Amino acid sequence: MDSVIETDRLSGGYGKELVLREISLRVPRASIYGFLGPNGAGKTTALRMVLGLLQPVQGAVRLFGEPIPAALPAILRRAGSLIEQPSLYDHLTGAENLEIARRLKFLKRGDADRAVDAMGIGDYLQRRTGEYSRGMRQRLGVAIAMLGSPELLLLDEPMNGLDAGGLERLRTALQHLNREYGTTILLSSHQFEQVEQVATHIGIMSSSGDLLFQGPRELLSERVPQALLIKVDRRDDAVRVLESAGFSVDSSKEYLAIHGATSAMASEVNQLLVSSGIGVYHLALDSASLEALFVKVTTTIKAWDAL
Amino acid sequence: MGRSLTTMITIGWALLGTEAIKLRRSVPLLLAVLAPVLAIVLELAVVFDRLSPPFGSAAAKWRVLLQSGWAWMALCLPVLIAFEAACLANLEHAGKQWKQLFAFPIPRWSFYATKMLFCGLLAWIGLLIAVPGYIGDVLIYSAVHGLGLWSSIPWLEILGTAGKACLASCLLIAIQTWISARVSGIAMPVGIALAALVVGLTLLPFANGKIAAWYPSTLPLAALPTNNPRALYSPMSAVLFGFFGGILVGAFACWDLARRPQSN
């Protein structure tokens, strides 16, 4: 699968402070890439470098296979972005702010309508953005980034300040863009629950600016050790069989549990129990939330190259 | 060649259109209208403060009566330019717009060039409002004192003088836009401009005005017709220096600003 965004050992920051440390991002085409990390991990810095707003100290960036900054600014025709908080002219109305962005993207009149509908901001477009609430500003900022249904959408903390309705609209709009237009979406956030609902791929940054993991969402679940929960007809026999095979079994709760399991291990356990004539009622990896996986990754894994 | 020209025209059109939208209900536009109105009112007071009406031909009377107006204009123009440049740049600084602008498929330098162009346009619009106002002031004075200047308005001379002041101010426009784009806020760029103007006015009497013809803040003043027979410069040299200096410094400023990383 080809990558829309590729960075090669990208390092950099502001002044002498190094925020990013040799990160090599691979954002596959038509994916929704959840770029996760704690505050200050360097997510925004990475996005700025991808757009050519900030020069890396070391490393290279390629957008659609073309080197940055050499391909700027023409390559930006294919991208929409929202970096940090929305940049709006507060003395102008929402419609005027959209019009400025439409003209600077060389889009036709009416091209803004789809983004306006998607983010549900039609009712307050005639009001000055200085009067907007934080959530309204965020919606307008996302709508501006979405103008023209770009091939690549870079959204930095787009969920900030959005209420439940706004979050729902944003998720729907992102999934619609991704499905209908094949838009690749890089979504930086520290709101794991929200990202979990839309992301097909995940990248996890540590607080020190290292990229700890990246790859498909399922791969993250597979690569991070989880608890394998088992329910059988003959509990004591199952414990004996498993322990004799070298597994450490936690039998303190209703379900037997093998901590630190992977999906490969689940298959092995199942075969072992069945071949011993033990009836297996339930055998599943504890489906950890993205947040739980994030915590595991950032606390137990130093570095992975998942691709 | 043809394609790149078309692209440049498309980009230029988009930039002009968006900059015009940004001016709606904005301080820079308000300034361009209010500043000359203030100058017109002041000029009226100055004209009526004369002890006696001027003598000589109609042309000579016009020259004398407009003299203080031109001086006002030459002093106000650098201040207006400083405010316009700072307010225009602040439209982007205030909303942290630069990063958003640079994420559009448009060369960075062209955003700064547009700012310079609009700073000049707004200052010159102010001049276009001030000049008829000055003429109105003189005509009111003429009516009160029965000078009969209605039929002898020296349009060519007036437009020529105003035009020269505009061209001479290009260097100042480039410098102030440069400073304003680099420094966030209004106080610092305007403070620098006012300090520079005071320095320029202090230097004015030295070397029979020669320094004024090479000093950005006093170039509009140096571009005015001079009655000083000992003047060591020609107003046209101030016009040429201001205009071509503005183009050169403007180009360098655009290059400098575009290469800098944008932190907001």
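You'll find the structure just up there.
Since the structure is predicted, the reported quantities are computational estimates derived from the model, not experimental observations.

**Describing the interface of chain B and chain A**
Each side of the interface is counted separately: chain B has 23 residues, and chain A has 23 residues. Ranked by residue count, the leading element in the side of chain B that touches chain A is helix α1 (residues 2-23) of chain B, at six residues. Of the residues that constitute the side of chain B that touches chain A, the class distribution is ten nonpolar, eight polar and five charged.

**Focus: the packing of helix α4 (residues 134-146) of chain A against helix α5 (residues 164-181) of chain A**
Residue and element names in this part refer to chain A. Where α4 contacts α5, the two axes come as close as 11 Å, and the packing angle between them is 5 degrees. The orientation of α4 relative to α5 falls into the category roughly parallel. Listed contacts from α5 to G135, R139, V142 and M146 of α4 are G166, L170, A173 and L177. Of the residues contributing to the contact of α4 with α5, the split by class is five nonpolar, two polar and one charged.

**A short note on the sheet that holds strand β12 (residues 226-232) of chain A**
Residue and element names in this part refer to chain A. With antiparallel pairing, the three strands of this open sheet are ordered in space as β13-β12-β14. Taken across any chain shown, the strands that pair with only one partner, and hence form the sheet edges, are β13 (256-261) and β14 (280-285). Each strand of the sheet is rotated relative to its neighbour by a mean of 15 degrees, with strand direction disregarded. With five bridges connecting them, β12 and β14 associate as antiparallel partners. What sits directly across from L229, in β14, is A284. Contacting β12, β13 and β14, helix α9 (residues 263-275) crosses the sheet at an angle of about 165 degrees to β14.

**Focus: the sheet that holds strand β8 (residues 152-156) of chain A**
All names here are of chain A. Strands sit in the order β7-β8-β9-β4-β10-β11 across an open sheet of six strands; the sheet is mixed. The sheet is open, and its two edges are formed by β7 (79-82) and β11 (211-216), each paired on a single side. Each adjacent strand pair in this sheet contributes to an overall mean axis angle of 10 degrees, direction not counted. When strand β10 (residues 201-205) meets β11, the two strands line up antiparallel, connected through five bridges. Bridged to H201 within β11 is P216. Sheet contacts for α4: β7 and β8; angle to β7, the most-contacted strand, approximately 165 degrees. Across the sheet, α5 lies against β4 (32-36), β8 and β9 (184-189), angled at about 150 degrees from β9, the strand it touches most.

**A closer look at the packing of helix α8 (residues 235-244) of chain A against α9(A)**
Residues and elements named next belong to chain A. It is at 10 Å that the axes of α8 and α9 come closest, and there the two elements cross at 125 degrees. Compared by their axis directions, α8 and α9 come out oblique. Between α8 and α9 the crossing geometry is right-handed. Here A238, V241 and L242 of α8 come into contact with α9, specifically with V269, L272 and L273.

Cut-offs applied
- Residues numbered from 1 in each chain as written.
- Chains lettered and ligands numbered in written order.
- Predicted model: local features only at pLDDT ≥ 70, side-chain atom pairs only at ≥ 80, totals over all residues.
- Contact = placed C-beta atoms within 7 Å.
- Helix = DSSP H or I, 4+ residues; strand = E, 2+ residues; numbered from the N terminus.
- Nonpolar A, V, L, I, M, F, W, Y, C, P; charged D, E, K, R; others polar.
- Axes fitted to C-alpha atoms, helices over the stretch in contact; angles between N-to-C directions.
- Parallel < 35°, antiparallel > 145°, perpendicular 65-115°, else oblique.
- Pairing = 2+ DSSP bridges.
- Left-handed = near helix turned anticlockwise from the far one by under 90°.

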